[in-house]
Amino acid sequence: MFEKLYKKIFPIIKFIPPEIAHNLAIKFFSNFKKEIKPDDPILNTRVCNLQFTNPIGLAAGFDKNGEAFEGLTCLGFGFVEVGTITINPQYGNKKPRIFRLSEDKAIINRLGFNNVGAEKVLENIEKSLITNSSSLLGVNLGKNLDTKDPFEDYIKLVRIFNKKASYITLNVSSPNTPGLRELEEKDNLDRLVKKISSFKRKNSINVPVFIKIDPDLSKNELGDIADIILSSSIEGVIISNTSIQRSNNLISKNANEQGGISGLPIKKKSNKLLKDFYTLTNGNVPLIGVGGISTGKDAYERILNGASLIQLYTALVYKGPSVVNNIKKELVYFLKKDNYKSIDKAVGKLNK
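Once that is clear, we can look at the side chain of serine 240. Mapped onto the elements, serine 240 comes out in the loop between strand 10 (236-239) and strand 11 (260-263). A polar contact is formed between the side chain of serine 240 and the side chain of serine 270, at a distance of 2.8 Å. When residues no more than four places from it in sequence are discounted, the contact partners of serine 240 are Lys212, Ile213, Asp214, Pro215, Ser270, Leu273 and Val290.

See the structure below:
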């Protein structure tokens, strides 16, 4: 049903400015309800003491304000991550700030953490969780542009969302907030991780905390991050955010727009980063693979390279809502073809 409908609608959608089209999608999914078919048991997996019916999640950035995650879950996602959320509401960067690169199957955005602020997002989440308490919900957190103390922003946000989130992600890697990627630097990341760990310990907070890193890191920077994560209580790493680097092969007229690029052009880079990080951490840290995933084969490759979970976003824009169930069907085929009894048996197999 979705596939046929989307094929009819997409030729019209592409003439609508991307941010308006996105807002219409949020409006639609905030009221969307559909019976969820049970997943094939081979897709069930347990990560950080959370039980996922399948490993395919929606990446942060789509449902920034926690308005539509219940409807989005009905598309077949195993989990949905909302945000990025900041303490105070902020408008973000000047419009236009989202650009389709249709010929390249990519999107460039420079949104800048536009959201309604933590208090309002919490209200939205609480409303939805009343009717759908079984949804696995990730909450992605970031700093306000004008904050005086970014470390304190993250502490405040963990305090606000720890009881409502299945897991929390510390976004230190968006390229669209000046100074944010400085938090990935060795001393800053070490300080942030220690502050979060101490806060969790003192307040008996058990929610898993992940870090989201960027795909433009050097080998040395990746090694530093791996060392910090291995000696901390951070439970997982999301690899990766959008990239500020551009391939010479891009053909869209929007290729030189500023911002982070997502989709097909970063698939290879994100996959390699994940593989390298899995090796650096000896497979001891759960990894979530993101970036250019649009087929079951893409998802399977990421799992074999070390991902315990997968996220997508851009594929949903170009392939429509049916992409989720199509990926799951293909993933079941690949797992069974290679005689794996479950997802976790396949994780990192190409590195062993």
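Next up on the list: the packing of aromatic side chains. Counted according to the given criterion, the structure contains 7 aromatic pairs. Ring centres 5.1 Å apart and planes at 75 degrees place the aromatic pair phenylalanine 28 and phenylalanine 29 in the edge-to-face group. By relative accessible area, phenylalanine 28 is classed as partly exposed at 45%. A ring pair is formed by tyrosine 300 and phenylalanine 334, whose centres lie 5.4 Å apart and whose planes are at 10 degrees; its orientation type is stacked.

Turning next to unusual backbone geometry. For the bond running from lysine 95 to proline 96, omega is -5 degrees, close enough to zero to count as cis. Position of proline 96 relative to the elements: it lies in the loop between strand 4 (79-85) and strand 5 (98-101). Along the chain, isoleucine 239 connects to serine 240 via a cis peptide bond; the corresponding omega equals 15 degrees. Phi at cysteine 48 is positive, roughly 55 degrees, even though this residue is not glycine. With respect to the helices and strands, the residue cysteine 48 is situated in the loop between strand 1 (45-47) and strand 2 (50-52). Here the phi dihedral of asparagine 282 falls at roughly 55 degrees; this positive angle occurs in a residue that is not glycine. Here asparagine 282 shows up in the loop between helix 8 (267-280) and strand 12 (287-290).

This part takes up helix 11 (residues 323-337). The end-to-end C-alpha distance of helix 11, which contains 15 residues, comes to 21 Å, matching closely the 21 Å that a straight helix rising 1.5 Å per residue would cover. Buried residues of helix 11: Val323, Val324, Ile327, Lys328, Leu331, Val332, Phe334 and Leu335, and no others. Looking at the buried residues of helix 11, the elements they touch are strand 3 (56-58), helix 9 (296-304), strand 13 (307-312), helix 10 (314-319) and helix 12 (343-346). Of the residues flanking the end of helix 11, it is asparagine 339, one or two places downstream, whose phi is positive at about 65 degrees.

Glancing now at the pairing of strand 11. Residues in a regular strand point their side chains to alternate faces of the sheet. Residues Gly260 and Ser262 point to one face of strand 11 and Ile261 and Gly263 to the other, with burial holding for every one of them. Direction of pairing for strand 6 (residues 106-109) relative to strand 11: antiparallel, over a ladder of 4 bridges. Within strand 11, the position partnered with isoleucine 107 by the bridge is serine 262.

Taken as a whole, this structure holds 13 salt bridges when the rule is applied. When the shortest N-O distance is used, the salt bridge between lysine 336 and aspartate 40 registers 3.0 Å. Pair noted here: lysine 336 is in helix 11 and aspartate 40 is in the loop between helix 2 (18-29) and strand 1, with a separation of 296 residues, a long-range link. Glutamate 235 serves as the salt-bridge partner of lysine 200, at 3.2 Å between the closest nitrogen and oxygen.

Here we come to the nonpolar core. Phe161, Leu170, Ile213 and Phe277 are the most contacted members of the largest nonpolar core, which has 84 residues in total. At 7 residues, the largest contribution of residues to this core is made by helix 11. Residues contacting isoleucine 213, with those up to four places away along its chain left out, are Ser173, Glu184, Leu222, Ile225, Val237, Ile238, Ile239, Ser240, Asn241, Leu273 and Phe277. Counting residues in hydrophobic clusters, the runner-up holds 12 residues, among them Phe52, Ala59, Tyr167 and Phe210.

About the criteria used
Residues numbered from 1 in each chain as written. Predicted model: local features only at pLDDT ≥ 70, side-chain atom pairs only at ≥ 80, totals over all residues. Heavy atoms only, no water. Helix = DSSP H or I, 4+ residues; strand = E, 2+ residues; numbered from the N terminus. Polar contact = N/O pair within 3.5 Å; in protein donor to acceptor, adjacent residues only side chain to side chain. Contact = heavy atoms within 4.5 Å. Phe/Tyr/Trp six-rings, centres within 6.5 Å; stacked < 30°, edge-to-face > 60°. Buried < 20%, exposed > 50% of the residue type's maximum accessible area, 1.4 Å probe, protein only. Expected span 1.5 Å × (residues − 1). Pairing = 2+ DSSP bridges. Salt bridge = Lys/Arg side-chain N within 4 Å of Asp/Glu carboxyl O. Core = buried A, V, L, I, M, F, W, Y, C linked by side-chain atoms within 4.5 Å.

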